[in-house]
Amino acid sequence: VYLYGPINSSFVIDSVLAGGDVMLTAAVDAAIDGPVTAPGEIDLDAAGNLVIGATGVVKSTIQGIEVDAGSLDMLAGASLLADLGNVGVTTSRDAVVTTITAGGHIAVDAGGAATIAGPLTATSDISLTAAGRLVLAGLADTTTGDITVDADALKMLNGAAFDAHSGDVDIVTVGDALVTGIVSGSSDADAVSISAGGHVLAGTADPRTDITADAT
């Protein structure tokens, strides 16, 4: 299924069901208000703002999902699900991400600020990049991969967590990094690495464990 939006107005999708690939391209803004389901690759492209509504469930049962937008707003209840493949999100401006589940890796690259408001669950690596501040409000969890963060600043809210069951957690910020709930099951000496150009600050929720590593 290949759908191209009008040049001068928004593109609104209620639902898409395909037997192969799906490509949705919007010249300006776009909204997905219902399910988009396919076994193949799903590509969502919007030159402006892409909104995935509360009932917007984008799912590839075999391949992966790629989102490329000026900015992204995933509302509570929205999700990107790739049962066996990878999920990539790229924006030139801000990104608000809720639920992402991938059988492979997850990569979020925001040209502005990024807010991770829902759980990220991957079998392989999770990569989070933001030219602005990255705010983690939920759980980022990988079974076999590493978790990497590269941002202007990092703020992990109370209850947020990075959990790399067998991999490393590597955080690099230009400014401050406020961290809490970081867990690595790796036996590497540098299982958890935090490099901040500003301060490294601990979370404020007691009782808490801010960093846990299995360096055995």
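What comes next concerns the included structure. Note that this is a predicted model, so its numbers are computed, not measured. (Residues numbered from 1 in each chain as written. Predicted model: local features only at pLDDT ≥ 70, side-chain atom pairs only at ≥ 80, totals over all residues. Heavy atoms only, no water.)

**Comments concerning the sheet that holds strand β3 (residues 16–17)**
Definition in use: Strands were regarded as paired on the criterion that DSSP finds at least two bridges between them. The secondary structure listing takes helices from DSSP runs of H or I that are at least 4 residues long and strands from runs of E that are at least 2 residues long, numbered from the N terminus.
Reading across from one edge, β3-β6-β8-β10-β13-β16-β18-β20-β23-β26 is the order of the ten strands in this open sheet, with parallel pairing throughout. Among the strands making up the open sheet, the edge pair consists of β3 and β26 (211–213).

**Some words on empty space enclosed by the protein**
Here is the rule: Cavity: a set of points on a 1 Å grid over the protein atoms alone where a 1.4 Å probe fits but cannot get out. Pocket: an open set with protein on both sides within 12 Å along at least five of seven lines, its lining residues, like those of a cavity, having an atom within 4 Å of a point. Grid points are joined across faces, edges and corners, and a volume is the space filled by probe spheres set on the points. Gly is put with the polar residues, along with every residue not named as nonpolar or charged; the nonpolar set is Ala, Val, Leu, Ile, Met, Phe, Trp, Tyr, Cys and Pro, and the charged set is Asp, Glu, Lys and Arg.
All told, the structure shown has one cavity of 30 Å³ or more when counted by the stated rule. Looking at the largest cavity, its volume works out to about 60 Å³. If you go around the largest cavity, the residues you meet are Phe11, Ile13, Leu24, Thr25, Ala26, Ala30, Ala31, Ile32, Leu44, Asp45 and Leu50. Taken together, the residues of the lining of the largest cavity break down into nine nonpolar, one polar and one charged.

**Description of the pattern of salt bridges**
Here is the rule: For this document, the term salt bridge refers to a Lys or Arg side-chain nitrogen within 4 Å of an Asp or Glu carboxyl oxygen. When accessible area is computed with a 1.4 Å probe and restricted to protein chains, residues below 20% of their type maximum are described as buried, those above 50% as exposed, and intermediate ones as partly exposed.
Applying the stated criterion across every chain, the model contains one salt bridge. Here aspartate 83 makes a salt bridge to lysine 59, at a shortest N to O gap of 3.8 Å. Of the two residues, aspartate 83 is situated in the loop between β10 (79–82) and β11 (87–91) and lysine 59 in strand β8 (residues 57–60); the sequence distance between them amounts to 24 residues. Aspartate 83 gets classed as partly exposed once you look at its relative accessible area, which sits at 38%. For lysine 59, a relative accessible area of 27% translates into the label partly exposed.

**Quick notes on the side chain of asparagine 49**
Defined as follows: Polar contact is defined as a pair of N or O atoms within 3.5 Å, subject to the rule that within protein one atom must be able to donate a hydrogen and the other to accept it, and that residues adjacent in sequence are counted only when both atoms are side-chain atoms. Contacts between residues were defined by any pair of non-hydrogen atoms, one from each residue, lying within 4.5 Å.
Considering the arrangement of structural elements, one finds asparagine 49 in strand β7 (residues 42–52). Residue class for asparagine 49 comes out buried when judged on its relative accessible area of 19%. Within the structure, asparagine 49 has its side chain in polar contact with the side chain of serine 71 (distance 2.7 Å). Leave out the neighbours within four places in its chain, and asparagine 49 touches Val28, Asp29, Ala30, Ser71, Leu72, Asp73 and Arg93.

**Comments concerning a negative patch on the surface**
Short version of the rule: Patches in this entry comprise residues that are over 30% relatively accessible and not in a salt bridge; like charges within 9 Å are linked, as are nonpolar side chains (Val, Leu, Ile, Met, Phe, Trp, Tyr) within 5 Å. Here the Shrake-Rupley method, with its probe set to 1.4 Å, supplies the accessible areas, and only the displayed protein chains count as covering residues. For the purpose of counting charges, residues Lys and Arg are taken to be positive, whereas Asp and Glu are taken to be negative. His and the chain ends are not included. By convention, the point assigned to a charge is CZ for Arg, NZ for Lys, CD for Glu and CG for Asp.
Residues Asp125, Asp146, Asp150, Asp170, Asp188 and Asp190 make up a contiguous surface patch of negative charge. Within the secondary structure, aspartate 146 sits in the loop between β18 (139–142) and β19 (147–156).

The quantities given are spatial measurements derived from coordinates; they are silent on function.
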